[in-house]
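# Coordinates in review
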Amino acid sequence: MVKNNINGCNELSLRQTAGFLKKHDNYIILTHASPDGDTLGSAYALYYGLKEIGKTACVICPDVIPKKYGYFARATDHVTRQNSTVIAVDVADKQLLGALEEEFGEEVDLNIDHHISNTRFAKNLYLDADASATAESIFELLHKMKVNINDVTAKALYTGIATDTGCFKYSNVTAKTHLIISHLYEYNIDAPEINKLMFDTKSRNLLELERLVLDSAEFHFANKCMVLAVTSEMQEKTGCSGTELEGIAVISRSVEGVEAGITIKQTDDNLFKISLRTYPPLDASEICKKLGGGGHKGAAGAKVEGSLETVKEKALRAVKEVMEESYAGVTSSKKG
Ligand SMILES: [Mn+2]
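Rules behind the numbers
Residues numbered from 1 in each chain as written. Predicted model: local features only at pLDDT ≥ 70, side-chain atom pairs only at ≥ 80, totals over all residues. Heavy atoms only, no water. Domains from an automatic or database assignment. Contact = heavy atoms within 4.5 Å. Buried area = accessible area lost by both parts, 1.4 Å probe. Salt bridge = Lys/Arg side-chain N within 4 Å of Asp/Glu carboxyl O. Polar contact = N/O pair within 3.5 Å; in protein donor to acceptor, adjacent residues only side chain to side chain. Core = buried A, V, L, I, M, F, W, Y, C linked by side-chain atoms within 4.5 Å. Buried < 20%, exposed > 50% of the residue type's maximum accessible area, 1.4 Å probe, protein only. Helix = DSSP H or I, 4+ residues; strand = E, 2+ residues; numbered from the N terminus. Phe/Tyr/Trp six-rings, centres within 6.5 Å; stacked < 30°, edge-to-face > 60°. Lys NZ or Arg CZ within 6 Å of the ring centre and 35° of its normal. Pairing = 2+ DSSP bridges. Axes fitted to C-alpha atoms, helices over the stretch in contact; angles between N-to-C directions. Parallel < 35°, antiparallel > 145°, perpendicular 65-115°, else oblique. Left-handed = near helix turned anticlockwise from the far one by under 90°. Nonpolar A, V, L, I, M, F, W, Y, C, P; charged D, E, K, R; others polar. Donors = N, O, S within 2.8 Å, 3.2 Å for Na, K, Ca; no water. Patch = residues over 30% accessible without salt bridge, like charges linked within 9 Å, V, L, I, M, F, W, Y side chains within 5 Å. Areas by Shrake-Rupley, 256 points an atom, 1.4 Å probe, with all protein chains shown as cover. Lys, Arg positive; Asp, Glu negative; His and termini not counted. Charge placed at Lys NZ, Arg CZ, Asp CG, Glu CD. Expected span 1.5 Å × (residues − 1).

## So, the domain arrangement of the protein
Along its sequence, the protein is carved into domain 1 (5–199) and domain 2 (204–327). When each unit is reduced to the centre of its C-alpha atoms, the spacing between domain 1 and domain 2 is 26 Å. Facing eleven residues of domain 1, the contacting portion of domain 2 comprises eight residues. In total, domain 1 and domain 2 occlude about 710 Å² of area from one another, counting both sides; carbon and sulfur atoms represent 52% of this. When the buried area of domain 1 at its contact with domain 2 is split by residue, Ile116, Ser117 and Tyr170 rank highest and sum to 44% of it. If you look at where domain 1 meets domain 2, you find zero salt bridges. For the pair domain 1 and domain 2, the interface holds two residue pairs in polar contact (both at pLDDT 80 or more).

So, in structure tokens, the structure goes:
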């Protein structure tokens, strides 16, 4: 039955996961900290799906849910901890549960995820590392369970897939991604409105923050690596913080010749969050593993302690090491 057992974590198939969801009840669905469209879209779509089959469920997010997700994030049931079944969605490591780690880190009964770097901290895991978003897996699970999807569920799923694929631009998009989206178009999702909100809308404060960040831009390794720093000072000056800063990490993607984009965001006096974006053959998850983090091939992250200068140095060293390995034998910077 069980495919794999690492750290006592059972890896389930799609069918087994659907069976698990049908069998249990009183679900507490957890998202990761600094929630994005995928973790929230997956959590709420799963919540609505479970409600359709008569289950009791709630969604708990370790941080405040940004108001731009308000169109699908609605109040959920109240579930008491006793006799509950805990599910984490889009959570690669228990640390990413943030404020919820202490209470739930060792207590996750089922994790549904798509990060290749998943640390198998949950008792059961459904992992599809080929899925562009966890929301793809949630769609497949609801389909497998023959659960009725409504407009709000479809919007939540669309949001998860659109945000994790950069609006269907990244290399993680597959034929299956588009097939799932084609099903979601049968509902009243208003995709242009969702995309405007997710990708084309920013506050003037954020525009000002981006100006400050761009002023700090540095280029290394024959301009193949771009570094952007978002200091506490910049965040205080502009009043922008938290998930509002998500978009900064993708700026490097649009700069000609840049194959590794490092964004260093200050989260405390001596603590920085690194977001890395790479193009093949560079593997962002491999680079971030060297910094104690993880993620996907094209996008990964890590938390590093130290001053801005030492954190930058560490990140650059990790990028350099992986660049040297990856480009060895590659005659040009051909992307493949
Ligand atoms: Mn995701």
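Now that the structure is up, let's keep going.
## A look at the nonpolar core
Core analysis: the largest hydrophobic core is formed by 48 residues, its most contacted members being Leu21, Ile29, Leu46, Ile112 and Leu184. No other element matches helix H2 (residues 37–52), which puts eight residues into this core. Core analysis: the second largest hydrophobic core is formed by 24 residues, Ala302, Leu316, Val322 and Tyr327 among them.

## Comments concerning the packing of aromatic side chains
Across all of its chains, the model carries seven aromatic pairs by this definition. Ring centres of tyrosine 44 and phenylalanine 72 lie 6.0 Å apart, and the angle between their planes is 65°; this geometry places the pair in the edge-to-face category. Taken together, the positions of tyrosine 44 in helix H2 and phenylalanine 72 in the loop between strand S4 (57–60) and strand S5 (85–89) put the pair 28 residues apart, joining distant regions of the chain. Look at tyrosine 71 and phenylalanine 72: their rings are 5.2 Å apart centre to centre, the planes differ by 85°, and that puts the pair in the edge-to-face class. A relative accessible area of 22% means that tyrosine 71 is categorised as partly exposed. Chaining the aromatic ring pairs together yields one cluster made of Tyr44, Tyr47, Tyr48, Tyr69, Tyr71 and Phe72. A cation sits over an aromatic face here: lysine 224 above tyrosine 327, 5.7 Å from the ring centre. Seen from the ring of tyrosine 279, arginine 253 lies directly overhead, with NZ or CZ sitting 5.7 Å from the centre.

## Things to note about the sheet that holds strand S10 (residues 260–268)
Pairing between the strands of a sheet is mediated by backbone hydrogen bonds and can be parallel or antiparallel. With mixed pairing, six strands are arranged side by side in an open sheet as S8-S9-S10-S11-S13-S12. In this open sheet, the two strands that pair with only one neighbour each are strand S8 (218–220) and strand S12 (294–295). Summarising the sheet, S12 and strand S13 (residues 299–305) pair through two bridges and their orientation is antiparallel. Bridging across to S13, glycine 295 finds its partner in alanine 300. Relative to S10, helix H11 (residues 308–327) is tilted by about 150°, and along the sheet it contacts S8, strand S9 (225–230), S10, strand S11 (271–278) and S13.

## Details of the packing of helix H1 (residues 14–23) against helix H4 (residues 134–144)
Two numbers describe how H1 lies on H4: the axes approach to 9 Å, and their chain directions differ by 70°. Overall, the two elements H1 and H4 adopt an arrangement that is roughly perpendicular. As for how H1 packs across H4, the hand of that crossing is right-handed. Of the residues in H4, those in contact with Leu14, Arg15, Thr17, Ala18 and Leu21 of H1 are Ser137, Glu140, Leu141 and Lys144. When the residues that make up the contact of H1 with H4 are grouped by side-chain class, the tally is four nonpolar, two polar and three charged.

## Looking at the coordination of the manganese ion
Bound to the manganese ion are the protein donor atoms Asp38 (OD), Asp90 (OD), His114 (NE2) and Asp164 (OD), situated 2.1 to 2.3 Å from the metal. Between consecutive donors of the manganese ion, the numbers of intervening residues give the motif D-x51-D-x23-H-x49-D. With aspartate 38 in helix H2 and aspartate 164 in helix H5 (residues 151–164), this residue pair connects regions lying 126 residues apart in the sequence.

## Let's talk about a positive patch on the surface
On the surface, a cluster of positive charge is contributed by Arg15, Lys22, Lys144 and Lys146. As for its placement among the helices and strands, lysine 144 is situated in helix H4. With relative accessibility at 41%, the residue lysine 144 sits in the partly exposed group.

## A look at H5
A turn of α-helix holds 3.6 residues, and therefore any two residues three or four places apart point the same way. The end-to-end C-alpha distance of H5, which contains 14 residues, comes to 20 Å, matching closely the 20 Å that a straight helix rising 1.5 Å per residue would cover. Counting buried positions along H5 gives twelve out of 14 residues, so the element sits mostly inside the fold. If you check which residues of H5 are buried, you get Val152, Thr153, Ala154, Ala156, Leu157, Tyr158, Thr159, Gly160, Ile161, Ala162, Thr163 and Asp164. Between the side-chain oxygen of the N-cap and the backbone nitrogen of valine 152 there are 3.1 Å, and the N-cap of H5 in question is asparagine 150. In the stretch just after H5, glycine 166 is the one whose phi turns positive, near 60°.

## Considerations on the packing of H4 against H5
The contact between H4 and H5 brings their axes to 8 Å, and the two run at 145°. On H5, the residues touching Ala135, Glu136, Ile138, Phe139 and Leu142 of H4 are Thr153, Leu157, Gly160 and Ile161.

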